[in-house]
Amino acid sequence: MQTEQATAAWTEENSASFIAYGRFFNPERERQFEVIGDLVAAAVQNEVAPLFVELCCGAGDLAAFLLGRFATARYLALDGSPAMLTETARQCVAFQDRLTVRRFELGSDDWRRMPDRPRIIVSSLAVHHLDGAGKRKLFGGLHALLAPGGAFILADIMRPASPAGFAVAAEAYERAVAERSLKERGDLSMLDKLRELRWNYFRYPDDDSIDQPSTVAEHLRWMEEAGFRGVDVAWAVAGHAIVSGTK
């Protein structure tokens, strides 16, 4: 999950926390994957061996889901953290013949030079580490990189546009984590961990420099400016949203 603009702040200790707790701290995780999968399916259709690229693959959960759903897809999983890449390879060992893991810096241009144009570019819980200018630059680069008809799908935290929005998102986020914790642990230990780590951006928006989310409206505008068509919000819960567009 490391990026060029967050290099000084993100550490392998952060990666270890994400691997350990990220799935508990991602609202409606399974529903998000289903939505992303449906958006991917609409863009891939009947293409043989399409290339999927994931920016900041994290613990590899989304990679494993998409590789399982799309049996002929080739998958390039990129991340700035060696621990994340190792965990992704472990999670996706059943799909290792179609998976490549590679270290990169999200804010850099170097990784965008690829021999094949990807049909799908997807990212979850990472682009918010870039500031607004970084996101606009990234979206333009992704549009140029994608194959015609391809799709960019982004699942991320979004900055509320008002104090009331922050309050609503903060409460909804804690409620989602509490529900997951009760379901999987039978207690509220993961809510306690969320609070201990001060992970709830909406509760502590000025806590650190790692998180630099932008509003939903800004994401949509910058994607349209980059040339994406059909830009839309496919899902939104607890300050998290999935936005997408096609080339």
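Given the structure is predicted, the values throughout are model-derived calculations rather than measurements.

### Some words on the pattern of salt bridges
Link 1 in the chain: Taken as a whole and assessed by the stated rule, the structure comprises 19 salt bridges.
Link 2 in the chain: Glu-47 serves as the salt-bridge partner of Arg-119, at 3.1 Å between the closest nitrogen and oxygen. Taken together, the residues Arg-119 in the loop between strand 3 (99–103) and strand 4 (120–124) and Glu-47 in the loop between helix 2 (29–44) and strand 1 (51–55) connect sequence positions 72 residues apart.
Link 3 in the chain: Judged by relative accessible area, which is 18%, Arg-119 ranks as buried.
Link 4 in the chain: A network of salt bridges, in which partner residues are shared, links Arg-23, Arg-29, Glu-30, Asp-61, Arg-180 and Glu-184.

### Let's talk about the environment of Met-84
Link 1 in the chain: Its location among the elements puts Met-84 in helix 4 (residues 82–91).
Link 2 in the chain: The exposure class assigned to Met-84 is buried, which follows from its relative accessible area of 0%.
Link 3 in the chain: With 136 residues separating them in the primary sequence, Met-84 and Leu-220 have C-alpha atoms 28 Å apart.

### Brief notes about helix 7 (residues 189–196)
Link 1 in the chain: Residues of helix 7 that are buried: Met-190, Leu-191, Lys-193 and Leu-194. The buried residues of helix 7 occupy an angular sector of 160 degrees when projected down its axis, which confines them to one face.
Link 2 in the chain: Buried residues in helix 7 make contact with helix 1 (12–21) and helix 6 (163–185).

### Observations concerning the sheet that holds strand 3
Link 1 in the chain: Across the sheet, seven strands lie side by side as 3-2-1-4-5-7-6; this open sheet has mixed pairing. Of all strands in the sheet, those with a lone pairing partner are strand 3 and strand 6 (229–237), marking the two edges. Here the strands of the sheet are splayed against their neighbours by 15 degrees on average, with no regard to which way each runs.
Link 2 in the chain: In the packing of helix 5 (residues 132–145) onto the sheet, contacts are made with strand 1, strand 4 and strand 5 (151–157), and the angle to strand 5 comes to roughly 150 degrees.

Criteria and cut-off values
Residues numbered from 1 in each chain as written. Predicted model: local features only at pLDDT ≥ 70, side-chain atom pairs only at ≥ 80, totals over all residues. Heavy atoms only, no water. Salt bridge = Lys/Arg side-chain N within 4 Å of Asp/Glu carboxyl O. Helix = DSSP H or I, 4+ residues; strand = E, 2+ residues; numbered from the N terminus. Buried < 20%, exposed > 50% of the residue type's maximum accessible area, 1.4 Å probe, protein only. Arc of directions from axis to C-beta. Contact = heavy atoms within 4.5 Å. Pairing = 2+ DSSP bridges. Axes fitted to C-alpha atoms, helices over the stretch in contact; angles between N-to-C directions.

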